[in-house]
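What follows is each chain in one-letter form.
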Amino acid sequence: MNRALKGLFAVIIMIAACSLAYGSVFDFSRLQKSIVEKTLPNGLKIIVLPRHEVPVVSMVTWADVGGSDDPKGYTGMAHMFEHMAFKGTDEIGTTDPAKEVLLMAKEDAIFEQLRLERLKGDKGDKRKLERLEKDFEKAIADAYALIVPNAFSNKLENEGAEGLNAFTSKDQTAYMVSLPSNKFELWMALESERFLRPRLREMYREREVVAEERRMTVENRPMSRLLEEFLSTAFKAHPYGIPLIGHSSDIQNYSRSAAKDFFDKYYGPNNLTLAIVGDVKPEKVFELAEKYWARVPSKYKPERVATVEPTQICERTVIMPDKAQPIILMGWHIPDETHKDMPALSALSSILGSGRTSRLYRRMVRDDKAAVSVSAFSGWPGSKYPCLSVVFCYPAQGKSASECDKIILEEIEKIKNASVTPEELERVKTGTMTGLIAGLKNNMGLAQNLAQYNQIWGDWRALFGELDRINAVTCDDIQRVAKKYFVKTGRTLAVLETAQESEK
Amino acid sequence: MMKFNHKTFFIALISLLLSGNLVYGLDLSSIEFPALNKIELPNIKKIQLDNGMRIYLLEDKTLPLIEASARIHGGSYLEPADKVGLGDLMGDLMRDGGTQKWAPDELDEMLEGLGASLNSYADVISSGVNLMMLSTKKELSVELLAEVMRRPRYDEARFEQAMIAYKSGISRRNDNDASIAGREFGKMIYGSESPYARHAEYKTLGAISRNDLIDFHKKICRPDHVQLAVWGDFDTAEMLAIIKKYFGDWKKGTEKIADFPKVDYKFDQRVGFVERADSKQSNVYLGHIGGNTLDPENSHRIVMNNILGVGFGSRLFNEVRSKHGLCYSVYGVYTSNISYPGKFFCYVGTKGESTIKAINLIKSEIERMKTEEATEKELKSAKDRYLNSFVFNFESKGQIIQRMVYYDFFGLPKDFLNKQKEEVEGTTAADVKAAAQKYLKPEAMRVIVVGNPKSFDAPLETLNNGSITKIDVTIPQ
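Residues numbered from 1 in each chain as written. Chains lettered and ligands numbered in written order. Predicted model: local features only at pLDDT ≥ 70, side-chain atom pairs only at ≥ 80, totals over all residues. Heavy atoms only, no water.

**A closer look at the overall build of chain B**
Working step 1: A count of helices and strands for chain B gives 16 helices and 14 strands.
Working step 2: Overall, the C-alpha framework of chain B stretches about 85 × 60 × 45 Å when taken along its three principal axes.
Working step 3: Put simply, chain B has 477 residues, and 60% of those count as buried.
Working step 4: By sequence separation, contacts in chain B at least 24 residues apart represent 82% of the contacts at least 6 residues apart. (Helix = DSSP H or I, 4+ residues; strand = E, 2+ residues; numbered from the N terminus. Buried < 20%, exposed > 50% of the residue type's maximum accessible area, 1.4 Å probe, protein only. Contact = heavy atoms within 4.5 Å.)

Here it is as structure tokens:
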């Protein structure tokens, strides 16, 4: 007991010492001053942080378009286009640019007929379908014969690219790569070209790749299946509820012209941001941006999603029977990332379910032994629009999801009744500061953060404002947001219940 | 009908022509690559204490952080066969179970109060501790490392908690087809009893006591097994003095621990098969035993990997994914270790209806590596990818110092990486073909398929790959 008290005392002293050190530990303002930005006349924004310690540079092209922007009937199109952006340009990726256009047109024409016939379902003409499918396969093979596979990616990888990749989320699509810094101009040239003259070759094969990606990341994974059910239940109106990778039938229905329409609408330079961190000189970056990106014409700035999720008026529950072991997750509706309540909600989530000192970990994993893992997070599945605060939990062997559900709700109730302790809140603030400092170690991570804050807040400086925002949160704020947002009627609950084969 | 046909063709053609109807102006060949700035190799100070503990120090004052990683020789390969899981538990609880000075809760609160991270682990051949914290607490950072390594508490309640987590882990291990495939393939290559592939069962966990953890820790965690690397915001002399204060009086171990066990491998053909009635996609691994990093052809194999199955430009990616659209993920790689042989393996996840087709495509690409020389373009691309990205081996201080620790442990020369680079530069198409002929054996591969056989495009027998064994993955109670 004595030892424990002594330890606790030591901890309190250390926290006090640490809070004194806020701000003086690292001078973010100096770093902030070294970041430069420029916007070209066509609307392309470029953010540069020069760092010359190692001759490498990380780049991200950040598109303000994500799964929430998928057109009706084309769920997953934002993600599909991300795949297509690696297929090259008019000239890169083919042995015969002119002939390829003809062969691609033939593919498109046959597919259009096939698509319409397929849409007739059982009433479709089977013989015609068979013939069209055969023709289609041949047209794809003919077009493929002119292709230089993965030519675009190879140009970068052969020059030493690391981490060449992309991701699509509900709010954005990002294209990443790091290069030895002497190859920087090559990236500027290739990246501008692919968003100036992308050629959507291999469209129909790539749909099959995406269908496999869906099987791998969703259909074959119990947790992902549960997440899809959860989101489509929590969001009835807003597109945060539709699957990011798309429904299988929509994937099969994608045409090249639908992908092209999507590109035309969302990939204007005024909807893109380049964030560059590493061994480059900003003047040189801007000069090259002028040279390569000024060629890309501006487009209409696409509008934001108009649909607002209506207030949820009753608790919603999904029970998914599955052979897998139980999983439970729940969520409450909260505002978008820039709302004034978000720092308090984020602190609330951390105190509830982040780390070994969090309330849910201590109660459920350490004391009651009801769960093996529990975590809480605010700002999911996106944060550009009003989103969710969620709790995920894997019950311990032999424990049920309903036991876990009960405990989670009890712990949230405690915060509503008595808020959190100053020590808990202090830990969140310190964690935010060290997280921000540790995040500076990695060029690519930093580039992505700058681009993301620029997109969501309209200014990358908001990244460094994160500290001030979290430091302003009080224990009372946390109690207030807990009461305001964690309401019974606004909750969605999803449970994977272990079922025997015969029950399914 | 014909009319309609022409119309859609025409519209599609026009829209494509329009999209390409802009000024062409990209001339990639005119882009010049200036010489890359020289990589400044940091000056790492290496010291050995009297008790045999090796220290590596690297000052880096760019951020107010201290990072450390301790590599401890000895891991789960040393656990008794009837106590599988002991190594992992010892590794996790070294830190999670608290220390003599700090009870687990105190330790958690202190670390999170400082925004610091401290983790311990054990893998097959080694164990370790990793730390990151603000440099305002230099002495505390070393004291934490010393407490965790020298005086772990192995708290009873945390032991019980970890046991529940491990047992729950077993109950969940068949929830993901891809992990079943990886696990069972490992056992097919090294043997299900091998320390390089075996895994815990309820029974082996049930045989482990808290005292076993304490004894196992004592056996491996001792100064002559420890290489401690510290980098970040400190002065070397000051840091060394602190380290000596906390580790200088640590007594050297005397008992010799066992060497890495040998792998007894005979090349043959086998198919292992796990039936999953609900499966939406088949998960497949195929391959055989791999090699040693010190094999004379290791650099040739690096080039071979890039041609066959690593990266967007590889043959497997081009053939199985791009050309045939059979998968999202496909790759193939010949791996090497110094401690024990690596694996040669290819992976593909493909719908049931293309399972056999995908396996055969991969197999024929492996065969082609042995029969055909790579084209000049393929060779250049494979080498360029390695050589041009070489600078990324020096991107972070942590990477550089941890590589030095690894080389030092296995007695590799300091310039091992540069030698390897020179060898890759000199690799010819004939070298790659010779390496493929020596090391790849498509005629003697072991294959694991996890999926729903009712959906397969052909029976597994048509693979003509030796005996087919149905693997029962039911969890023994």
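Let's pick the thread back up.
**A short note on the nonpolar core**
Working step 1: One finds L144(B), M149(B), L228(B) and F247(B) to be the most contacted residues of the largest nonpolar core, which totals 144 residues.
Working step 2: Taken together, domain 1 (45-247) and domain 2 (270-470) of chain B each give at least three residues to this core, which thus spans both.
Working step 3: Those residues within four positions of M149(B) in sequence are excluded, and the remaining contacts are A70(B), I72(B), M94(B), V129(B), H217(B), C221(B), V226(B), F247(B) and W250(B).
Working step 4: In this structure, V48(A), A151(A), F152(A) and V280(A) belong to the second largest nonpolar core, which totals 72 residues. (Core = buried A, V, L, I, M, F, W, Y, C linked by side-chain atoms within 4.5 Å. Domains from an automatic or database assignment.)

**Looking at the side chain of K363(B)**
Working step 1: With respect to the helices, strands and loops of the structure, K363(B) is situated in helix α12 (residues 355-371).
Working step 2: Buried within the structure, K363(B) lacks any salt-bridge partner; its nearest side chain of opposite charge belongs to E367(B), at an N-O separation of 5.8 Å. (Lys, Arg positive; Asp, Glu negative; His and termini not counted. Salt bridge = Lys/Arg side-chain N within 4 Å of Asp/Glu carboxyl O.)

**Details of empty space enclosed by the protein**
All names here are of chain A.
Working step 1: What the rule picks out here adds up to three cavities of 30 Å³ or more.
Working step 2: The volume enclosed by the largest cavity comes to roughly 50 Å³.
Working step 3: Along its surface, the largest cavity is lined by E107, I140, A143, Y144, I147, E202 and R205.
Working step 4: The element that contributes the greatest number of residues to the lining of the largest cavity is helix α5 (residues 126-144), accounting for three residues. (1 Å grid on protein atoms, 1.4 Å probe; cavity = no way out; pocket = protein on both sides within 12 Å on 5 of 7 lines; lining within 4 Å. Points joined across faces, edges and corners; volume = space filled by probe spheres on them.)

**Some remarks on the state of the cysteines**
Working step 1: What the rule picks out here adds up to zero disulfides over all chains.
Working step 2: The structure places no disulfide on C404(A), whose sulfur is separated from the nearest cysteine sulfur, that of C393(A), by 3.9 Å.
Working step 3: Left unpaired, C346(B) is separated from the closest cysteine sulfur, that of C327(B), by 12 Å. (Disulfide = S-S within 2.5 Å.)

**What to know about the sheet that holds strand β11 (residues 491-498) of chain A**
Residue and element names in this part refer to chain A.
Working step 1: Here we have five strands laid out as an open sheet, ordered β7-β11-β8-β10-β9, and mixed in their pairing. Only two strands of the sheet have a single neighbouring strand rather than two, namely β7 (316-322) and β9 (371-380). Strand-to-strand, the axes of this sheet are offset by a mean angle of 10°, without reference to chain direction.
Working step 2: Here six bridges tie strand β8 (residues 327-334) to β11, and the two strands are oriented antiparallel to one another. Residue G331 lies in a different strand from β11, and its bridge partner there is T492. (Pairing = 2+ DSSP bridges. Axes fitted to C-alpha atoms, helices over the stretch in contact; angles between N-to-C directions.)

**Quick word on the environment of V310(B)**
All names here are of chain B.
Working step 1: Examined against the element boundaries, V310 turns out to sit in the loop between α10 (298-308) and α11 (315-323).
Working step 2: Remark: the alpha-carbon pair of V310 and S76, spanning 234 residues in sequence, is separated by 29 Å.
Working step 3: Setting aside its immediate chain neighbours within four residues, V310 contacts N305, G332, V333 and R385.

**Here we look at the pairing of strand β4 (residues 162-168) of chain A**
All names here are of chain A.
Working step 1: Taken together, the five bridges between β4 and strand β5 (residues 173-180) define a ladder with antiparallel strand orientation. Pairing of F167 across the sheet is with A174, part of β5.
Working step 2: Connecting the antiparallel pair β4 and β5 is a turn made up of four residues.

**Some words on the domain arrangement of chain A**
Residues and elements named next belong to chain A.
Working step 1: Here the domain parsing of chain A yields domain 1 (1-82 + 158-298) and domain 2 (316-503).
Working step 2: Between domain 1 and domain 2, the C-alpha centre-to-centre distance is 23 Å.
Working step 3: On the side of domain 2, 51 residues touch domain 1, which itself brings 48 residues to the contact.
Working step 4: Across the domain 1 to domain 2 interface the summed buried area is about 4,500 Å²; carbon plus sulfur atoms make up 71%.
Working step 5: On the surface where domain 1 and domain 2 come into contact, there are three salt bridges. (Buried area = accessible area lost by both parts, 1.4 Å probe.)

**Overview of the pattern of salt bridges**
Working step 1: Counted according to the given criterion, the structure contains 85 salt bridges over all chains.
Working step 2: Close ionic contact of R194(A) with E191(A) constitutes a salt bridge, the shortest N to O distance being 3.0 Å. One end of the pair is R194(A) and the other is E191(A), both in helix α7 (residues 184-196) and three residues apart, which spans about a single turn.
Working step 3: R194(A) sits in the buried class, given a relative accessible area of 3%.
Working step 4: E297(B) is the salt-bridge partner of K438(B), the closest N and O atoms lying 2.9 Å from each other. In this pair, K438(B) is assigned in helix α16 (residues 429-439) and E297(B) in the loop between β9 (291-292) and α10, connecting sequence segments 141 residues apart.
Working step 5: Note on K438(B): relative accessible area 45%, which makes it partly exposed.
Working step 6: Each member of the salt-bridge network shares a partner with another, and the members are R356(A), R362(A), R366(A), D367(A), R95(B), D96(B), D105(B), D108(B), E109(B) and R158(B).

**Some points on the interface of chain A and chain B**
Interfaces are often sized by the amount of accessible area the parts lose when they come together.
Working step 1: Counting residues at the interface gives 103 residues for chain A and 96 residues for chain B.
Working step 2: Where chain A abuts chain B, roughly 8,600 Å² becomes buried across the two surfaces, and 60% of that area is made up of carbon and sulfur atoms.
Working step 3: Summed over the three residues of chain A that lose the most area to chain B, namely E212(A), N220(A) and R356(A), the buried surface amounts to 8% of that side.
Working step 4: The interface formed by chain A and chain B contains eight salt bridges.
Working step 5: Taking the shortest distance from any N to any O, the salt bridge between R356(A) and D96(B) comes out at 2.7 Å.
Working step 6: Here the element with the most residues in the side of chain A that touches chain B is helix α4 (residues 97-119) of chain A; it accounts for 10 residues.

**So, helix α19 (residues 475-485) of chain A**
All names here are of chain A.
Working step 1: Regarding α19, the residues found buried are C475, I478, Q479, V481, A482 and Y485. Down the axis of α19, the sector holding all buried residues measures 165°, keeping them to one side.
Working step 2: Against β8, α13 (342-353), α15 (401-418) and α16 (422-438) lie the buried residues of α19. (Arc of directions from axis to C-beta.)

**A look at the packing of aromatic side chains**
Working step 1: This model, assessed by the stated rule, comprises 42 aromatic pairs over all chains.
Working step 2: Taking the centre distance of 5.4 Å and the plane angle of 25° together, the rings of F81(A) and F263(A) count as stacked. Residue F81(A) is located in helix α3 (residues 77-84), and its partner F263(A) is located in helix α11 (residues 256-266); the two are separated by 182 residues in the primary sequence.
Working step 3: Using a relative accessible area of 0% as the deciding quantity, one classes F81(A) as buried.
Working step 4: Taken together, a centroid distance of 5.1 Å and an interplanar angle of 75° make the contact between F136(A) and Y204(A) edge-to-face. Of the two residues, F136(A) sits in helix α5 while Y204(A) sits in helix α8 (residues 203-219), which places them 68 residues apart along the sequence. Judged on exposure class, the residue F136(A) and its partner Y204(A) are both buried.
Working step 5: Every member of this aromatic cluster is reached through a ring pair, and the members are F81(A), F86(A), Y175(A), F195(A), F263(A), Y267(A), F312(B) and F317(B).
Working step 6: Positioned above the aromatic ring of F263(A), the side-chain terminus of K299(A) is 4.2 Å from the ring centre.
Working step 7: Against the face of Y439(B) rests R301(B), its NZ or CZ located 4.5 Å from the ring centre. (Phe/Tyr/Trp six-rings, centres within 6.5 Å; stacked < 30°, edge-to-face > 60°. Lys NZ or Arg CZ within 6 Å of the ring centre and 35° of its normal.)

**Structural notes on the domain arrangement of chain B**
Residues and elements named next belong to chain B.
Working step 1: Here chain B is described as being made up of domain 1 (45-247) and domain 2 (270-470).
Working step 2: Contacts between domain 1 and domain 2 engage 29 residues on the former and 33 residues on the latter.
Working step 3: Taken over both partners, the interface formed by domain 1 and domain 2 buries close to 2,700 Å², and the fraction arising from carbon and sulfur atoms is 70%.
Working step 4: Viewed at the interface, domain 2 and domain 1 are joined by two salt bridges.
Working step 5: K46 is the partner of D408 in a salt bridge, and the nearest nitrogen-oxygen pair spans 2.7 Å.

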